[in-house]
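One-letter residues, chain by chain:
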Amino acid sequence: MDIRVRFAPSPTGYVHIGSLRTALYNFLFARKNKGQFVLRIEDTDRTRLVGGAIENLLDSLKWAGINHDEGVFIENSELVQKGNFGPYIQSERLDIYQSYIHALIDKGYAYYCFCSKERLEEVRDKQKSEGKTPMYDRHCLNLSKDEAEIRIKAGEEYVVRLKVPDNEEIRFHDLVRGDIAIHSSDIDDQVLIKSDGYPTYHFAVVIDDYLMKITHIVRGEEWLTSTPKQVVLYNYYGWNVPDFVHLPTVLNKDKKKLSKRQGDVSVTDFLDKGYLPEALVNYLALVGWSPKDNQELFTMDELIQEFSFDRISNTGGVFDVDKLNWINSQYIRKADNEELFELAIHHIIAAGRDTEENIRREKDRYLKIIDLVKEKLDHMSQINNHLDVFFGDEVSFENEEVIDTLQQEHVTRLLNAFMVKLKETEAVDEEFSANIFNVLKNETGAKGKGLFMPIRAAVTGQLHGPDMGKTFIILGKSLLIRRIEFVLDALND
RNA sequence: GGCCCUAUGGUCAAGCGGUCAAGACACCGCCCUUUCACGGCAGUAACCUGGGUUCGAUUCCCAGUAGGGUCACCA
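Keep in mind it's a predicted model, so treat the numbers as computed, not measured. (Residues numbered from 1 in each chain as written. Chains lettered and ligands numbered in written order. Predicted model: local features only at pLDDT ≥ 70, side-chain atom pairs only at ≥ 80, totals over all residues. Heavy atoms only, no water.)

Overview of the protein's contact with RNA strand B
Then, number 1: Surrounding RNA strand B, one finds 61 residues, the nearest of these being R177, K194, G288, K376 and G465.
Then, number 2: Within 4 Å of the protein, the contacting atoms of RNA strand B are 67% sugar and phosphate, with bases supplying the remainder.
Then, number 3: Measuring from a sugar or linking oxygen of RNA strand B, one finds a side-chain N or O atom of R333 at 2.7 Å.
Then, number 4: At 2.8 Å from a base nitrogen of RNA strand B is found a side-chain nitrogen or oxygen belonging to R456.
Then, number 5: Counting residues per element, the ones that place at least two in the surface near RNA strand B are α4 (117-129), β6 (159-162), β8 (178-183), β13 (317-318), α11 (321-334) and α18 (449-460).
Then, number 6: Broken down by class, the residue content of the surface near RNA strand B amounts to 18 nonpolar, 18 polar and 25 charged. (Near = heavy atom within 4 Å. Polar contact = N/O pair within 3.5 Å; in protein donor to acceptor, adjacent residues only side chain to side chain. Helix = DSSP H or I, 4+ residues; strand = E, 2+ residues; numbered from the N terminus. Nonpolar A, V, L, I, M, F, W, Y, C, P; charged D, E, K, R; others polar.)

Notes on the pairing of strand β5 (residues 110-113)
The two faces of a sheet get side chains in turn, since along a regular strand they alternate between them.
Then, number 1: Burial along β5 is two-sided: the residues A110 and Y112 and Y111 and C113 are all buried.
Then, number 2: Inspection of the sheet shows β5 paired to β6 by four bridges, in the antiparallel sense. When the bridges of β6 are listed, Y112 appears paired with V160. (Buried < 20%, exposed > 50% of the residue type's maximum accessible area, 1.4 Å probe, protein only. Pairing = 2+ DSSP bridges.)

What to know about the sheet that holds strand β9 (residues 191-193)
Then, number 1: In space, the three strands of this open sheet follow the order β5-β6-β9, with antiparallel pairing throughout. Looking at which strands have only one partner, the edges of the open sheet turn out to be β5 and β9. Averaged over all pairs of adjacent strands, the angle between their axes in this sheet comes to 45°, without regard to strand direction.
Then, number 2: One ladder, built from two bridges, connects β6 with β9; its direction is antiparallel. What sits directly across from R161, in β9, is V191. (Axes fitted to C-alpha atoms, helices over the stretch in contact; angles between N-to-C directions.)

Details of the packing of aromatic side chains
Then, number 1: One pass over the full model with this rule turns up 25 aromatic pairs.
Then, number 2: Taken together, Y25, F29, W289, F298, F307 and F309 form an aromatic cluster joined through their ring pairs.
Then, number 3: Of note, K82 hangs over the ring of F73, and the distance from its end group to the ring centre comes to 4.9 Å.
Then, number 4: Residue placement shows R365 over the ring face of F391; its charged tip is 4.9 Å from the ring centre. (Phe/Tyr/Trp six-rings, centres within 6.5 Å; stacked < 30°, edge-to-face > 60°. Lys NZ or Arg CZ within 6 Å of the ring centre and 35° of its normal.)

As structure tokens, then:
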């Protein structure tokens, strides 16, 4: 049997990082087993729809390199659907759900319910106050078919509910958690069709997974306890139950489900900060799954090669930004400077430093800077922290220590000597950079930190930073001269 | 509260009856670098508790405890 899996988000906004991991695991499993990966849109809650959410979702998946074979795609900024099991958007499958719900009602496996929301509320409140688990009291279970039809014709609002079997142990197998059994008396008579005619998740997911021939349902752990409801449906229809794989939750530092309040949770948040997609995917793969050996850095192909459900852990994992940063920094160091430049542009503009036009005009210079500082970056938005040093005639002193360094007695003489050499040289090139400190040492007698630090302080305004010689070359002769002039003036005042 | 899942260092995690209980991130120290970073080396730090089963439990079973999930006409 061909392996078929699906990722089935609802278009209610940004893509959560946990969802991305679910999509990733589905994708890896499909690729590893030469199966099909379907993208289905679950938009049955008409009240929570967010415009543009599907496009955003598709963009995020594409950015991450998680590609599907079937379902909803975007082409020439139009949504299109591909595959033999469509439509892949649930709101376009209403007639399908209707026919399947009638089969259920006819067999007595589902029933009409006319209870008002107010009544349901009352029943729930009463049950809660008695310390019971709130559940539908089956008030409408025994309405005759005739009566139901009369009330429907009269225009009364209704829903269709699942008739959960009495006194039965509902069992299913999960590839991560093993055998799970829940007693039917703990399961509510779930609404299957809402009063607006749309199906609920629990109904639509079963119909669609069946019709789309899904073999493995890989989804978040939050679905684990509602799985029996779906298993009941499979049994009523006489369909084979697919394999379930419930993934451990991605948690915050406080071990709660990762949520927006506590920082970045959406894929676009990470894109905006300048994380590389390969790095995010690499890190995410490692929260909840581990390889056989101790490998930490994976290409997508390597992940596909190594991935298997039996190495998924069964405990929720905290999303550790420190480790993400480490992985991202590894990728940045290996990345091509051109690629990093394109990424950096976005952040330099966002920081209000310069226009795209100007940045591109100085591309060569930026490429050298990036090459020099990329090993200091966790993510590309940090590029801005390293740019001041390379731009502007004036030097801003980072702190008191810098000023103390420059106010040492020998420094004016040292800087003047440096100035002379700068003016003498044709260009500040590698040769100049390689020799200048020795020359200054011989001429001024300054040495060690007394030589090196004042120059660094004068040129950059800081006491630490990238290699001095390379910095000289990037700055160039004229800019260096203007800066030394600026500092000498400042020291005179 | 009912039901379900889970329990190894601060974090991710390996382990699947007998190990001095891996590795990575973070942290600390040293080396390299006349700075910072990178890199290299070393270090601190863990099997939730109590009962069983067993010659022997981190590993299997039960209970407790703790954490998480779920109890909607949301997914």
